[in-house]
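Structure at a glance
Here are the chains, one letter per residue:
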Amino acid sequence: MKGTPAYEALGQALDAQRERLLPCVHCGFCLPACPTYNRLGNEADSPRGRLHLMQAVVEGRLEPSSEAFRTHIDRCLGCRACEPVCPSGVEYGTLLELARETATQAVPPGLPTRFLLKVLGTPVLRIPFFFIGRLLRGTGFAALGATVLPSYGPFRAVRLGLAMLASTRRWQPMDSKESMTGIADSGSLDISQKSRVAVLLGCVQEGLFRRINSATVRVLEANGYEVVTVEGQDCCGALHAHGGDLESARTLARSNIRAFEASGADLIAVNAAGCGATMKDYGILLEEDPDFAQRAKEVASSVRDVSEILDSSGLRTGASVPCKIAYDHPCHLLHAQGVEHAPITVLKAVPDAEVHVVAGAEECCGGAGIYGITHPELGGLIGGDKVSAVRACSADAVATPNPGCMMQIGAGLRLEASNEGVIHPVELLDESYRRAGFYRAGGAE
Amino acid sequence: MTRPLPSTVVSDLAEIVGHEHVITDPERLLVYESDGLTAYRRPPRAVVLPSSTEEISAVVELLHSNGIEVIPRGAGTGLSGGALTTPEGVIVGTARMNRILKIDVENRLAIAQPGVINARLTEATNPYGLYYAPDPSSQSTCTLGGNVAENSGGPHCLKYGVTARYVTGLTVVLAGGRIVQLGGVGRDPYSTLDLVGLFVGSEGCFGIATEIEIRLLPITEGVRTLLGIFESVESAGRAVTKIMASGLMPAAVEIVDGPTIEAVEASVFAAGYPLEAGAALVIEFDGTEAGLDLDADRAEKCCLEEGAIEVQRATDPEHRVKLWRARKKAFGAMGRIAPDLLVQDATVPRTKLPEVLAGIDDIGNRYGLKIANVFHAGDGNLHPNILFDRQNQNELELVELASKEIMQLCVDAGGTITGEHGVGVDKREYMTLVHGPAELEAMAAAKRVFDPASLFNPGKVLPDVEGEGTTKSEKILAMGE
Amino acid sequence: MRVDLTDSLSSLLPKEAFGFSVPSSLPAALRTDVETIIAPGSVEEVAMLLQWASERGVGVVPIGTGGHTYPRCPSDPFIVLTTSRLNEIQHYEPADLTMTAGAGVLIRDLATEMAIHGQWLPFDPPDVRNRTLGGLVATGLSGPLWAGYGQLRNHVLGATIVCGDGQTLRLGGKVVKNVAGFDILKPMVGSRGELAIITSATVRIFPLPVVDRLLVLEAADISELVPTARAIATAPIMPASVSLRATSNRSRLLVRLHGAQVSVDSDQKSLEKHTSVSFEVRDSPEDQSLMLEERGGGMNTELAVRVWALPSRIDALLDVLKQVPGASLNADVYGGSVRAYLPEQISDIESSLTGLQKDIEELGGTMRALQIPAEVNASAYFTKPLADEGELASGLKRAFDPQSILWGIG
């Protein structure tokens, strides 16, 4: 309610962003880049429209609790495709997070969202949560549920969730029965030149895609990097920030900053685009925190997507893995981090891998957290278009360096009974190195 | 306070387009209160988003039969307030009508709906070796319907002409929802008057174009792009005069001045211009590959003869993008150095450019306002950008006065008040600088032929008798209610 | 013009406005009772004249050099007004590439003046050099060079006109980009004397091409040339013009290329490669004007029609037209229109024309009579507008010529 301390605090949060909102000259260049505007044709579902609503809240013309404000801010995928095309350099991603914070403080989000964010941000809850997930996956229950459950009403969300879970299975050609660890042969690489790298394990990644984390460590080591362990690292806070729970995001950020500072690493390798984007923005997230502002900036400046690290110093060539791969850009790598070619370079470093960039790869897959569940129709439209584009490649597998995208595309393929595999680019490189005999056998995976 | 629509009208509209495409919630209508010219804002009574000619016709019929004014809107990127609503108006938006209906490669024609984005038409016809020539700077987002309404130009209209040259036929919805065909390739053009030519540039005041027949051009063999850095706008201008006088026919000639370069260099788009740069000149030639180096050499010579600090030539498509960067990012970069911006759009005979630019400089100094100029030097179309902060009441008035002086200066030099942005609401008060009462009455008479009850976009283009004497700042404040 | 009208006018206009003889090209119907025509010498005089005429309900037939067919004979009383004394070049700034001149200036005189500065007007409708600027703008005719330069309507930047009620309007301006208000100048171009009298116009002019090369291909029958012609019209190169000329015994494809020497050479090579054809080159201006003459074989006739269809259907149009024995054809390949000059000796002109019109319309085309012998009822062969367009055009007519005194070429 206007006039209450809570309202004053809200106004101030966005008010402080007046500087960030001012550069918007209302030119509309962002409209054609926006997946929701392209499909709905409604100005309120465009970046310009959303910024206008934020401006209206700041000016006091609109209540943050207003249904209009919340609906259209919610409907944004957060893909940030609008940022690269903005001639004024408006920091839409940051403003969206603040708008979401304002909106969720006025009206808290629904139970599913609150539950998920709580679980992901708390290791004690997270570990059993993903254990159950792996169980449902491993027993085939998830796959069964995705096939037999109907698609309407309450079942729709459950079916989608199970499909996403089932899709996280390893792609068969990558299925090495041997467990591997360590490097048998580092070739002629000069290790002393390379940096010490810490790897962010993440929450979803470690919970459902541990194989990607292991592959990440291996390929870095195979290319001569020293990988250091990081005690006390946590979920990066991306989903919390995207969802507007900036306080939790900040708490998680502080834990990670302490942990990565202590690790002594020169670079932080991230293999999840969403996490990489958030960590590179830690400086902005904690800009108001006098104790952490500077530290956050420094840690943020050492964050790289793993493909950026691999691409920067010449990739080692492994053995042939003949396959056709469709590559899709994660929004948080292409738009938010501006990384376009590095992951494709990683894929192309594999002999006999034929790599095609999916048509419309710059458009969001519709993953966006739990968008598919909160916005089933629109999410279905956007996701459906992505799946069609992927299938049009007639590839053996689709590669995309972000777990959320992998699950969204994977679920979509599965629900269309299409059997492309879904991988992270480092998995292919890792397989190529394995076949080339770069690794020692034995040890835990 | 905007008066809501009667509920019967709302439900009838919902029957035509579907309830999700009728917006009546005042909070949701806020995003439609401005187009690209944010100095003016007023939320409409409603917004309707039809998806076909028939839907547009039915919506217009319904609204007009209830005496409700229709305000057409495309992408809302216009710079003259053409899509600003009247107090009683309902916006009919074409954003959902985004299909290209037909590409006739043999006859080099396309038929498109008004919501098709300008650049997307070129993208769609490129595979056939064709493209759509008019390239306004907003082409990545502006729509064809808007281009028709404003008779849009763009840098390459120097050689290739404006929208009116490429629109060969129209399906329009007129007053009362009447669907009419105008023109069309293959018909005797003399069976009637050039109604297509009259409709193009009518700024949404005559009706809504729902299908646009467009002439396409073949993609040229090659292109050469040059960037000349000069110490002053004057020397850059002299280089342009030399180039045009030499009989060369460049495809585009653009200049950005010192303050603009400053803004670009201060922004994220910094292109590394030298500090002494007082003006940057972009010249482009296209056509038969064999002749292009010759043209570029001659242009380069003209630049050097007029004292260019350096002349760069693009060696590949990526380099070409880089050379254009200052020009293309200029508008956006302005947004970073001042809270508010007023963009003008006067055109003067090209030979008068140097004196007009000096005059604008003088006006800026006298009013203490920073003015950054971006212009289509080849055809004398200027865009002075006046930078200000609307929070300062005083500054608003100064901007208004400076604006008026700039207009007068351009008209006195034999020019006109708008070259491509249109009159809209923003330049109505200047119409009397270039038109007498008889001409204005003739335009009003033409409008009455198409829209006798004045239910399409009233309050645009032609000045109101009562409106005389209102200052822009008063208008802005009034619009804010 | 009748003596009583002359008396009334002589008090209004100076004596220089009188005493002009009627051009012999003017149709007979308009020459009856007309011994002299009025030639006002200024915009003000035109305005006074039209005001005078509209107050008295006297029809006004505007002419330039009088070379066009007037399909309807105005009812009595009427006067004929020529713009031939409005013949000043008012403003010519070569560096601005614009020129303003009175409606009565002959194109050939403009051309001479512009050529001194290396400039020209790239419009080539039939017999353009003998036309007036006002006639060109009022008829809105372009000619095949529109392919390379755009139609005339895109290059008329401004005009001073006098409406049927005597109101003078100054439309447009002198600048090449102008969207200040509704573009009523556009319907004035090509209004053919029905809305207003154009007293002066500002046009965009162009630098003369360095090289003006004519490529020629001959064949016995015009239809043999159509595939090559269409191939050129859809080639990546844009020639300045592409046209076909045919008489009963010979046909030619004529392609004009403009530009610098290296460009023109390269374009010619590209076209020859694209069409697998080798062209004859005619570079001398004398040769070129012979080739480009409007009516092949020096044909003199009072019977001519023009037909339009989508450019891709030009073969069908030519098939129909060449059936008329002795026809001389002139086709604009880019625009998909053909002018057909028909011998007057054809039996039963009316049924021939009706038959032609029917055949053309069956193809999805339209036909309009350009010239009709006096004894034939011409109005049947002028294309009717679509109903809605006609209504809008009538609305404009009422707005600009409320007393309906202007009798143009329709």
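Residues numbered from 1 in each chain as written. Chains lettered and ligands numbered in written order. Predicted model: local features only at pLDDT ≥ 70, side-chain atom pairs only at ≥ 80, totals over all residues. Heavy atoms only, no water.

**With respect to the overall build of chain B**
- A tally of helices and strands in chain B yields 16 helices and 18 strands.
- For 481 residues, the compact-globule estimate of 2.2 N^0.38 gives 23 Å, and the C-alpha radius of gyration of chain B, at 23 Å, lies within 12% of that figure.
- Across its three principal directions, the C-alpha atoms of chain B cover 70 × 60 × 45 Å.
- In chain B, the proportion of contacts linking residues at least 24 apart, taken out of those at least 6 apart, comes to 72%.
- Split by element, the accessible area of chain B, about 16,200 Å² in all, is 52% carbon and sulfur. (Helix = DSSP H or I, 4+ residues; strand = E, 2+ residues; numbered from the N terminus. Rg over C-alpha atoms; globule rule 2.2 N^0.38 Å. Contact = heavy atoms within 4.5 Å. Areas by Shrake-Rupley, 256 points an atom, 1.4 Å probe, with all protein chains shown as cover.)

**A word on the environment of Phe123(C)**
Residues and elements named next belong to chain C.
- Structurally, Phe123 can be placed in the loop between β5 (119–120) and α5 (133–139).
- Of the residues examined, Phe123 reaches a relative accessible area of 5% and is grouped as buried.
- With 18 residues separating them along the chain, Phe123 and Leu141 place their C-alpha atoms 8.0 Å apart.
- Residue contacts for Phe123: discarding those within four places in its chain leaves Val128, Leu136, Ser142, Leu145, Gly150, Gln151, Leu152 and His155. (Buried < 20%, exposed > 50% of the residue type's maximum accessible area, 1.4 Å probe, protein only.)

**Structural notes on the sheet that holds strand β3 (residues 70–73) of chain B**
Residues and elements named next belong to chain B.
- Spatially, 4 strands are ordered β1-β2-β4-β3 in an open sheet, and the strand pairing comes out mixed. Every interior strand has two partners, whereas the edge strands, β1 (22–23) and β3, have only one.
- In terms of strand pairing, strand β2 (residues 47–48) meets strand β4 (residues 90–93) through 2 bridges, oriented parallel. Looking at β4, one finds that Val47 is bridged to Ile91. (Pairing = 2+ DSSP bridges.)

**With respect to the interface of chain A and chain B**
- The interface is formed by 34 residues belonging to chain A together with 35 residues belonging to chain B.
- Both sides together, the interface formed by chain A and chain B hides about 2,700 Å², and carbon and sulfur atoms give 52% of it.
- Along the contact surface separating chain A from chain B lie 4 salt bridges.
- Put simply, Glu33(B) and Arg61(A) hold a salt bridge, and the shortest N to O gap is 2.5 Å.
- Seen at the junction of chain A and chain B, the total is 15 residue pairs in polar contact (both at pLDDT 80 or more).
- Taken together, the elements giving at least two residues each to the side of chain A that touches chain B come down to α3 (35–40), α4 (47–58) and α5 (67–74) of chain A.
- Grouping the constituent residues of the side of chain A that touches chain B by class yields 17 nonpolar, 12 polar and 5 charged. (Buried area = accessible area lost by both parts, 1.4 Å probe. Salt bridge = Lys/Arg side-chain N within 4 Å of Asp/Glu carboxyl O. Polar contact = N/O pair within 3.5 Å; in protein donor to acceptor, adjacent residues only side chain to side chain. Nonpolar A, V, L, I, M, F, W, Y, C, P; charged D, E, K, R; others polar.)

**Regarding the nonpolar core**
- Membership of the largest hydrophobic core comes to 86 residues, with the highest contact counts inside it found for Leu170(B) and Phe199(B).
- What Phe199(B) contacts, discounting residues up to four positions off in sequence, is Val148(B), Leu170(B), Val172(B), Leu174(B), Leu182(B), Phe206(B), Gly207(B), Ile208(B), Ala209(B) and Phe450(B).
- Within the second largest apolar cluster, 73 residues are counted, among which are Val199(A), Cys203(A), Phe209(A) and Tyr225(A). (Core = buried A, V, L, I, M, F, W, Y, C linked by side-chain atoms within 4.5 Å.)

**Focus: helix α3 (residues 43–56) of chain C**
All names here are of chain C.
- End to end, α3 covers 20 Å across 14 residues, agreeing with the expected 20 Å (1.5 Å per residue, within 8%).
- Along α3, the residues classified as buried are Val43, Glu45, Val46, Ala47, Leu49, Leu50, Trp52, Ala53 and Ser54.
- Once α3 ends, the next one or two residues include Gly57, with phi positive near 70°. (Expected span 1.5 Å × (residues − 1).)

**Side note on the domain arrangement of chain B**
- When the domains of chain B are assigned, the result is domain 1 (7–93), domain 2 (100–218) and domain 3 (222–412).
- Taken over C-alpha atoms, the centre of domain 1 of chain B sits 37 Å from the centre of domain 3 of chain B. (Domains from an automatic or database assignment.)

**A closer look at the packing of aromatic side chains**
- For the structure shown, the criterion picks out 11 aromatic pairs over all chains.
- Summarising the aromatic geometry, the rings of Phe115(A) and Phe129(A) are spaced 6.2 Å apart at their centres and angled 70° between planes, so their arrangement reads as edge-to-face. Linking Phe115(A) in helix α8 (residues 111–121) with Phe129(A) in helix α9 (residues 123–138), this pair joins segments that are 14 residues apart in sequence.
- With a relative accessible area of 47%, Phe115(A) lands in the partly exposed category.
- An angle of 85° between the planes, with centres 6.5 Å apart, marks the rings of Tyr131(B) and Tyr160(B) as edge-to-face. Of the two residues, Tyr131(B) sits in strand β7 (residues 130–131) while Tyr160(B) sits in helix α6 (residues 157–160), which places them 29 residues apart along the sequence.
- A cation over a ring is seen here: Arg295(A) above Phe292(A), with NZ or CZ 4.5 Å from the ring centre.
- Directly above the ring of Trp324(B) sits Lys328(B), whose terminal nitrogen or CZ lies 5.5 Å from the centroid. (Phe/Tyr/Trp six-rings, centres within 6.5 Å; stacked < 30°, edge-to-face > 60°. Lys NZ or Arg CZ within 6 Å of the ring centre and 35° of its normal.)

**Things to note about the interface of chain B and chain C**
- Opposite the 83 residues of chain B that make contact, chain C presents 71 residues.
- When chain B packs against chain C, close to 6,000 Å² is buried across both sides, 61% of that on carbon and sulfur atoms.
- It is Arg165(B), Tyr190(B) and Leu193(B) that lose the most area in chain B upon contact with chain C, and together they represent 12% of the buried surface on that side.
- Between the two partners, chain B and chain C, sit 7 salt bridges.

**Considering the pairing of strand β3 (residues 89–93) of chain C**
All names here are of chain C.
- Relative to strand β4 (residues 98–102), β3 runs antiparallel, the two sharing 4 bridges. In the sheet register, Tyr92 faces β4, and the bridge partner there is Met99.
- Between β3 and β4, which follow one another and run antiparallel, lie 4 residues, and Leu97 among them has a positive phi close to 60°.

**Section: the packing of helix α10 (residues 289–305) of chain B against helix α9 (residues 261–275) of chain C**
- Remark: α10(B) packs on α9(C), axes separated minimally by 7 Å, with the N-to-C direction vectors making an angle of 170°. Taken together, the axes of α10(B) and α9(C) are roughly antiparallel relative to one another. Contacts between α10(B) and α9(C) involve Ala290(B), Gly291(B) and Leu294(B) on the former and, on the latter, Val262(C), Ser263(C) and Ser266(C).
- A per-class count over the contact of α10(B) with α9(C) returns 3 nonpolar, 3 polar and no charged. (Axes fitted to C-alpha atoms, helices over the stretch in contact; angles between N-to-C directions. Parallel < 35°, antiparallel > 145°, perpendicular 65-115°, else oblique.)

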